[in-house]
Amino acid sequence: MVLLAERVGVRTPSLYKHVGGQDDLNRRIAAQALGEAADAVGGAVRGHAGRDALAAAARAFRAFVLAHPGRYAATIGMEPSGPDDPLAVAGQRLLDAFMAVLRDYRIPESDADHALRTLRSLCHGFATLQADNGFQWSSDIDESFEWLITFADRGLRAM
């Protein structure tokens, strides 16, 4: 909190007029980041279906993580305090955007959680590895990402 106060040009006690402490600040950052990711993914998939929706969602998610790696990292492991928690609301909006992608794949409702976890793992893994400079060999990263989209599309169709 001391570093934040210095960065925004106020005294540390003044911060506590706006946030309830480090945990509150972390939760607010995570909720904002999830909301921004939900806006990006939701906007990208609007008007698309099937593979086009999948590709739009994956690209938007990746772009968000690459543009805001710290904000995205703040969302990992943050648990909502209840259904009305802004963190839960923003997280649900992001899930809804990815659920919209799954509609044309005719995934049974009983498998929706598995499909969402698979998509999240693929998108999260690729984007965070790229953000952390985890792909240092010479192959084209964008081409590899298109492979991921094709892989996910074929896998979802096979289900």
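Computed from a predicted model, the values in this text were never measured in an experiment.

(A) Geometry of the packing of helix α4 (residues 50-67) against helix α6 (residues 86-102). In the contact formed by α4 and α6, the axes pass within 8 Å of each other and the chain directions differ by 150°. Between α4 and α6, the interaxial angle falls into the category roughly antiparallel. Two packed elements cross with a definite hand, and for α4 against α6 that hand is left-handed. Contact residues: α4 offers Ala53, Leu54, Ala57 and Phe61, while α6 offers Leu94, Phe98 and Val101.

(B) Focus on the environment of His18. By the secondary structure assignment, His18 is in the loop between α2 (12-15) and α3 (22-45). Between the alpha carbons of His18 and Gly47 there is a distance of 39 Å; along the sequence they are 29 residues apart. Ignoring sequence-local partners within four residues, the contact set of His18 consists of Asp24 and Arg28.

(C) Quick look at the environment of Thr128. Secondary-structure assignment places Thr128 in helix α7 (residues 112-131). Separated by 91 residues in sequence, Thr128 and Ala37 place their C-alpha atoms 14 Å apart. Look past the residues within four positions of Thr128 in its chain and what remains in contact with it is Val65 and Tyr72. In this structure the side chain of Thr128 is engaged in a polar contact, spanning 3.4 Å, whose partner is the backbone oxygen of Gly125.

(D) Spotlight on the nonpolar core. Counting residues in each nonpolar core, the largest one holds 41 residues, and the members touching the most others are Val41, Phe61, Leu94, Phe98, Val101 and Leu119. Mapped by element, the contributors of at least two residues to this core are α3, α4, α6, α7 and α8 (141-158). Core analysis: the second largest hydrophobic core is formed by five residues, Met1, Ala5, Leu15 and Val19 among them.

(E) View of the packing of aromatic side chains. As enumerated under the stated definition, the model contains five aromatic pairs in all. Considering the side-chain rings of Phe135 and Trp137, the 5.8 Å spacing of their centres and the 80° angle between planes classify their relative orientation as edge-to-face. On the basis of relative accessible area, Phe135 is assigned to the buried category, the value being 17%. Each residue in the set Phe126, Phe135, Trp137 and Phe145 is aromatic and connected to the rest through ring pairs, giving one cluster. It is Arg62 that lies over the ring of Phe145; its NZ or CZ is 4.5 Å from the centre.

(F) How the structure looks around the confidence of the model for the protein. Per-residue pLDDT for the protein has a mean of 93; in total, 100% of the residues score no lower than 70. Here α2 is the element of the protein with the lowest mean pLDDT, 76, and α4 is the one with the highest, 98.

(G) Up close: the side chain of Gln130. Turning to its location among the elements, Gln130 is positioned in helix α7. The residues touching Gln130, leaving out its near neighbours within four places in the chain, are Arg62, Leu66, Phe135 and Ile141.

(H) Up close: the environment of Val65. Within the element layout of this structure, Val65 appears in helix α4. Residue class for Val65 comes out buried when judged on its relative accessible area of 1%. C-alpha separation for the pair Val65 and Ala49, spaced 16 residues apart in sequence, amounts to 23 Å.

(I) Examining the layout of surface pockets more closely. One number sums up the size of the largest pocket: a volume of about 600 Å³. Around the largest pocket, the lining is made up of 19 residues, and of these Leu34, Gly91, Leu94, Leu95 and Arg120 lie nearest the centre. Residue assignment for the lining of the largest pocket shows that the elements contributing at least two residues are α5 (69-75), α6 and α7. Among the elements that take part in the lining of the largest pocket, α6 stands out by supplying seven residues, more than any other. In the lining of the largest pocket, the residues fall into 12 nonpolar, four polar and three charged. Roughly 200 Å³ of volume is contained in the second largest pocket. Along its surface, the second largest pocket is lined by 13 residues, and Ala115, Thr118, Gly155, Leu156 and Met159 are the ones closest to its centre. Secondary-structure elements contributing two or more residues to the lining of the second largest pocket are α7 and α8.

Criteria and thresholds
- Residues numbered from 1 in each chain as written.
- Predicted model: local features only at pLDDT ≥ 70, side-chain atom pairs only at ≥ 80, totals over all residues.
- Heavy atoms only, no water.
- Axes fitted to C-alpha atoms, helices over the stretch in contact; angles between N-to-C directions.
- Helix = DSSP H or I, 4+ residues; strand = E, 2+ residues; numbered from the N terminus.
- Parallel < 35°, antiparallel > 145°, perpendicular 65-115°, else oblique.
- Left-handed = near helix turned anticlockwise from the far one by under 90°.
- Contact = heavy atoms within 4.5 Å.
- Polar contact = N/O pair within 3.5 Å; in protein donor to acceptor, adjacent residues only side chain to side chain.
- Core = buried A, V, L, I, M, F, W, Y, C linked by side-chain atoms within 4.5 Å.
- Buried < 20%, exposed > 50% of the residue type's maximum accessible area, 1.4 Å probe, protein only.
- Phe/Tyr/Trp six-rings, centres within 6.5 Å; stacked < 30°, edge-to-face > 60°.
- Lys NZ or Arg CZ within 6 Å of the ring centre and 35° of its normal.
- pLDDT = per-residue confidence, 0-100.
- 1 Å grid on protein atoms, 1.4 Å probe; cavity = no way out; pocket = protein on both sides within 12 Å on 5 of 7 lines; lining within 4 Å.
- Points joined across faces, edges and corners; volume = space filled by probe spheres on them.
- Nonpolar A, V, L, I, M, F, W, Y, C, P; charged D, E, K, R; others polar.

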